[in-house]
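Structural characterization, general
If you want the building blocks of each chain, they are given just below.
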Amino acid sequence: MFLASKIFWLIAQPLSLAFFSILVGMLLILARFHRSGGVFASLGLIVLFLSLFTTTGPYFLQMLEDRFPRPSPPPAEIACIIVLGGAFENVVIASRGGMEFNQAADRFVEAVRLAKAYPAARILVSGGDGSISGAYEGDARASQGFFNAFGIGADRVIREEDSRTTFENARYTKDLLAANGLERCALVTSAYHMPRSVGLFRANGIAVVPWPADYRTSGKVRLGFDFSQPSLNAQLATTAAKEWTGLLAYYLLGRTQTLLP
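This structure is a prediction, so every number in the text was calculated from the model and none was measured.

Examined at the domain level, the protein breaks down into domain 1 (1–65 + 227–253) and domain 2 (73–213). With centres defined by C-alpha atoms, the gap from domain 1 to domain 2 works out at 30 Å. With both sides pooled, the region where domain 1 packs onto domain 2 buries about 1,300 Å², and carbon together with sulfur makes up 66% of that total. Sorting the residues of domain 1 by area buried against domain 2 places Phe2, Glu243 and Tyr250 first, and these three jointly supply 49% of that buried surface.

Below, the structure written as structure tokens:
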């Protein structure tokens, strides 16, 4: 299932889908199937235009980000802080060493802030190597040096190093929480990723306090044209498509109880 999902997404992400649709359309036209070819080519161009020159991607990503706000006021105490991986550039670290982050670094920045605010709370980092090759260090292991650098001792950190997907994050975290007698946990992940994460944790019987980080939109996006930042629009469209596809897939597979938790 893990490998199939990776291969599927290589094809189904918006820019790849546009490319393959246009390619199939051109081949059909060359084979004299002009009507079918025109349909595929037009579909590809529409997807390309929507991804690059409209706010469709940012708008649908914003819908996910707005689903779970941070608690206000914050709870008086929490027993643990669950941080989902996906923030370390493990391929770069493997060759260059050090600590390198991607755009999701706010997950771990927020985890440090919470660790300082709740000094009695344990930190559970869930994240193994999610690459197809499985040849790299996962976020749980990579985070050890990061937390040490901020004075957070190894005795506070629990590492879940086997998960490769959000589904596995929830399933494996459940066992570690039970083994350590931990409840009343904050869940830290990217805001757009929070609905899928909460749905999976709930399905595994884990009650969490959603604590979103790593916002990608302003919260004021409206549907419309945007010719000023096509590369960013495409990036956000890809992220939005992946999350909505994941929500639908997990719901259809019975792994979550609702389509949009």
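The structure having been displayed, the exposition proceeds.
Moving on: the packing of helix α9 (residues 194–203) against helix α10 (residues 230–252). Packing of α9 against α10 brings their axes to within 9 Å, and their N-to-C directions diverge by 20 degrees. Here α9 is positioned roughly parallel relative to α10, judged by the angle of their axes. Seen from above, α9 lies across α10 with left-handed handedness. Two secondary-structure elements touch here, α9 through Pro195, Arg196 and Leu200 and α10 through Glu243, Gly246, Leu247 and Tyr250. Each residue belonging to the contact of α9 with α10 can be placed in one class, and the counts come to 4 nonpolar, 1 polar and 2 charged.

Attention now moves to the state of the cysteines. As used here, a disulfide is simply a covalent bond connecting the sulfur atoms of two cysteines. Counted by the stated rule, this structure contains 1 disulfide. Each disulfide pairs two cysteine sulfurs, and for Cys80 the partner residue is Cys185, the sulfurs being separated by 1.8 Å. Handedness here is read from the sign of the S-S torsion; for Cys80 and Cys185, about 115 degrees, the answer is right-handed. Taken together, the residues Cys80 in strand β1 (residues 80–84) and Cys185 in strand β4 (residues 185–190) connect sequence positions 105 residues apart.

So, about the UniProt feature "domain: DUF218" (unreviewed entry) in the protein. Summarizing the sequence annotation, UniProt attributes the feature "domain: DUF218" (unreviewed entry) to residues 80–246 in the numbering used throughout. In this annotation, residues 80–246 is assigned 43% helix and 16% strand; the end-to-end C-alpha distance for the span is 26 Å.

Below, the discussion takes up the UniProt feature "transmembrane region" (unreviewed entry) in the protein. Per the UniProt annotation, the sites labelled "transmembrane region" (unreviewed entry) are residues 7–33 and 39–61. Between the C-alpha atoms that bound residues 7–33 there is a distance of 28 Å. The span itself is 85% helix and 0% strand. Structurally, residues 39–61 comprises 91% helix and 0% strand, and the distance from its first C-alpha atom to its last is 28 Å.

A few words on the environment of Val221. Mapped onto the secondary structure, Val221 falls in the loop between β5 (208–213) and α10. Overall, Val221 belongs to the buried group, its relative accessible area being 17%. Linking Val221 and Phe60, residues 161 residues apart in sequence, is a C-alpha distance of 9.3 Å. Setting aside anything within four residues of it in sequence, one finds Val221 in contact with Thr55, Pro58, Tyr59 and Gln62.

So, how was this worked out
- Residues numbered from 1 in each chain as written.
- Predicted model: local features only at pLDDT ≥ 70, side-chain atom pairs only at ≥ 80, totals over all residues.
- Heavy atoms only, no water.
- Domains from an automatic or database assignment.
- Buried area = accessible area lost by both parts, 1.4 Å probe.
- Axes fitted to C-alpha atoms, helices over the stretch in contact; angles between N-to-C directions.
- Helix = DSSP H or I, 4+ residues; strand = E, 2+ residues; numbered from the N terminus.
- Parallel < 35°, antiparallel > 145°, perpendicular 65-115°, else oblique.
- Left-handed = near helix turned anticlockwise from the far one by under 90°.
- Contact = heavy atoms within 4.5 Å.
- Nonpolar A, V, L, I, M, F, W, Y, C, P; charged D, E, K, R; others polar.
- Disulfide = S-S within 2.5 Å.
- UniProt positions renumbered as here; feature names shortened; annotations may be inferred.
- Buried < 20%, exposed > 50% of the residue type's maximum accessible area, 1.4 Å probe, protein only.

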